[in-house]
Structures are given as structure tokens and as C-alpha cells.
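# Close look at the chain arrangement
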Amino acid sequence: MAAAGIKLHPACRVRQEGFGLLFYDSRGPRLLFAETGSLLPADFFGTVRRKDEFPEGLSERQKNTLRSFLAQLIEKGFLREQPIC
Amino acid sequence: MSNRFVEAGLRAPVNLTWEVTLACNLRCEHCLSSSGEPAEGELSTAEALSLVDQMHKVGVFQINFGGGEPFMRTDFEEILDACHARGIMTCISTNGTLIDAGLVERLSRTRLVAIQVSLDGAEKATCEAIRGAGTYDDALRALRLLAASPIPTSINTVLTAQNTTEVPALYDLAERLGVTLRVSRFRPSGRGSDNWEALRPSPQQLLDFSNWLESRGDVRTGDSFFSLTAQERQGLGLNLCGAAKLTCCVGPTGNVYPCAFMQLDQFKAGSLRERDFQAIWDDSEIFASLRGLRIHSCEDCRRFDQCHGGCPAVAYHLKNDIEGGDPECLERCVTSIAEKAAAA
């Protein structure tokens, strides 16, 4: 069975803002303002990622924060899970 | 809605209203831009495609096309294709008269387009009194074609005194057709200004609509009715005017304005023929002024957190004072009805 990956929902977009990431969901439409600073670049969401895949150089604490953040994005429908392969 | 981030200023609009032409084959009584003949010096195809490129570079998520009737432009599909090739989502506001099976098939090839077809009454007579003869059947024909396609489609109704009682029937009609309903606020701009007194909903009608809307979470309003919604509709976050903060408007000749209802010289932020979009968004004085606008006279209102003073465009058109608060907000509707009852 392929490992679970995450990907931006096709109805959603994301871009970098001064405060962090701005997510847009055209289905609402609705916005999500994520105060992530420069922790995660917007192009991180440009491809399918493994759930435990993060940019290099992050501390365990930062990774834990991002794990929780990504779980929220899945729950809110901005990200969706799909197999990697 | 996180007003803190919005008021600090985003690096680009979230979405953009682009009135690609003033040309229209209809002469609707409430038209916000008095459409009919094309404007002198409308953007050429090359200029329009350059604008799409700029929108992509600054990170605009969605472009909402209006007019005029967008499909009157012979290069409109080329402009749409350029948006979709760059991943920009689009929404087209159309009267439906030029939509045929071939067009629907071509638009269905992308999953990035949504379409709103204007219909201003559940009854043919109501709709055609505002939009003209033949418009009801044309709109229904277009809606049926679109409903059979994968394109997300909605009926777009501008709320007027004449059609407020038909909104529930429009909701049912949309459901029967397999589309959704979007209700837009009537504002006194363009021909809407000329016909304001005849078409404006009364305070009681606005209040009744507000109550109905509260129980219909699936009815879209855009940001039209944030000042009227009795309670912030969960998840929609419509509690402030987004002009110059979340959105702006590009007119047919490339002039940039805070919103489609403020396409007046005094609100012009710049021309895309003179400056690029990012420079206008970042440096325009009128945009800076709207971002800093605070409706102090409304701050003590119990509903302030839900509307932040309402629609500055309506305040300007009716009272010539964008700082005066929305003259037709829910609170003022309630007050007006109470005063009338007391006087009687």
C-alpha cells in the first residue's frame, strides 16, 4: 500500500504573505491566515508531500508545530490526503 | 476573517473584479456600469494578456469577470485560457444570451471556471421588467446547458423591491436546475443610480431578506450583504468591506478602482497603461486611504464587529460620505422600521 501523502486541494491556492501563508478556498470562498512566518514556503504545497516531510533545518519543536498545522489544514479541507506514487 | 492581517495590507488582492468590456446586448435597469456600447479605448488583447501575466506574478487567486457582457469580447476565451494556463481561477458573470453548447463544452475542459447567470426574478414578468424581453428564457436555456456540464454554476439575482418576495422561489428554481443561488446587493451606481428609488428594496424587505438568508447557508452573497447579515455566516467571514484590502476592480480601459461600485475619477487608483499593477496596489493614495478607513460613527453600534460600518460605496452614492457608515445596514433598517411604526 502506498504511503499517505498530502496535497493542496485543487480548489485551493496558497501564497506567501508577510505574516506567513494565505490560503484561499474557492468553494466557500474562504480564507485562512496562517501565521507561519517563514517556517514553510508556499511552494512547499506545489507537489505531493509525505506527511512527515518538512523543509530541512527545522527543529523537532518546529516540526511538531507544523505537523499539527498540516493536520488542521487537512481537517479544514485545504489539503487532501492521497497516495504517493 | 482576520482583520488584523487584512488591515496590515496584503501583498496582492485575493481576487479581482475585471470588467473586460462595457459592451452589452442588454440594457438592464439596475446595471452598475450603465453598459451598452463598448467604452472608448478598451484594453487590446495584448494588453489584456499582459494584465493576466501581472495577476499571475502578484499572486491573485481568482479573477471575477464582468462587464458589460464578457462574451461580447471576441477574445474573451483567449483571456480565460491565459488565466487557466497560469492556474488562476475564474468566475464569469454573464447574462447567458451568448452561451451555447459549443461554448459550454470548451469551458468544461478546465476545472478552473465558475459561471453566474443573471436572473432577476422567479417569474418571467418580474425578470424581464428589469432585464428586457426574452432574457428569462435565454437565462434558463443557458442555465440548463451549464447545469448539464461540470462547470459550477449559479443563478445571480440582484435584490430589488420587485423580486424580494421571489427569492425563495429562485432558491427552489436553482435547486430544480441543479445549480446554486447567489444574491447580490443592488447599489446606486450606473443605471442603478438613475433607477434607485424605483428598484431599491425597502428596509422591511431588506430585513425580511436578512432573516431568510440566515437560514440558508448555501446561498452565496459574495461580500454584497456583509452589512446586512444578522449574524456572521459561519465560515464565510464576511464582516468588512474588502475594497483595496482583499479585492479591487479593473475597468475596461485598464483603470484600477477599489471596487466595481466605485468606478469614478475620485476613486481611481491608477491606470495599467501608465503603471504596473503591483505599483498601483502598493502605492495608490486612494487604496491607502480605504485601508485606513475607520467608520467612527458606527463604532458604538452593537453590530460593529459584524460589518465595520458596511459598504463605503453605498455611503458615498447615497450620502456623499464614505466615512458616514452604510445608510442601509441592518441596524438602520430596524431603526427606520421602528420610527415609521412610531410615526404611524
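Relevant structure appears above.
These notes cover the structure that comes with them. Computed from a predicted model, the values in this text were never measured in an experiment. (Residues numbered from 1 in each chain as written. Chains lettered and ligands numbered in written order. Predicted model: local features only at pLDDT ≥ 70, side-chain atom pairs only at ≥ 80, totals over all residues. Heavy atoms only, no water.)

### Concerning the packing of aromatic side chains
Working definition: an aromatic ring pair is given by the centre-to-centre distance plus the angle between the planes. Applying the stated criterion to the full structure yields 17 aromatic pairs over all chains. The interplanar angle of 85° and the centroid separation of 5.8 Å between the aromatic rings of B:Tyr171 and B:Trp212 together place this pair among those described as edge-to-face. In this pair, B:Tyr171 is assigned in helix α7 (residues 167–177) and B:Trp212 in helix α10 (residues 203–214), connecting sequence segments 41 residues apart. There is no split in this pair, since B:Tyr171 and B:Trp212 are both buried. Counting every residue linked through ring pairs, the aromatic cluster contains A:Phe23, A:Phe44, A:Phe45, A:Phe69 and A:Phe78. In this structure, B:Arg216 is placed above the aromatic ring of B:Tyr171, and the distance from its NZ or CZ to the ring centre is 5.0 Å. (Phe/Tyr/Trp six-rings, centres within 6.5 Å; stacked < 30°, edge-to-face > 60°. Helix = DSSP H or I, 4+ residues; strand = E, 2+ residues; numbered from the N terminus. Buried < 20%, exposed > 50% of the residue type's maximum accessible area, 1.4 Å probe, protein only. Lys NZ or Arg CZ within 6 Å of the ring centre and 35° of its normal.)

### Section: the sheet that holds strand β3 (residues 20–25) of chain A
Residues and elements named next belong to chain A. Reading across from one edge, β2-β3-β4 is the order of the 3 strands in this open sheet, with antiparallel pairing throughout. Edge strands, defined here as strands with exactly one partner in the open sheet, are β2 (12–17) and β4 (30–34). Between one strand and the next, the sheet's axes are offset by a mean angle of 20°, whatever the strand orientation. Sheet topology note: the β3/β4 ladder contains 5 bridges and is antiparallel. Bridge pairing in β4 links Phe23 to Leu32. (Pairing = 2+ DSSP bridges. Axes fitted to C-alpha atoms, helices over the stretch in contact; angles between N-to-C directions.)

### Looking at unusual backbone geometry
Residues other than glycine predominantly adopt negative phi, and peptide bonds predominantly adopt the trans conformation. All names here are of chain B. Here the residue pair Gly67 and Gly68 is connected by a cis peptide bond, since its omega of 20° sits within 30 degrees of zero. The topology assignment puts Gly68 in the loop between β2 (62–66) and α3 (76–85). The backbone phi angle of Asn320 is positive, close to 55°, even though this residue is not glycine. Residue position: Asn320 is located in the loop between α14 (312–319) and α15 (330–343). On the basis of relative accessible area, Asn320 is assigned to the exposed category, the value being 57%.

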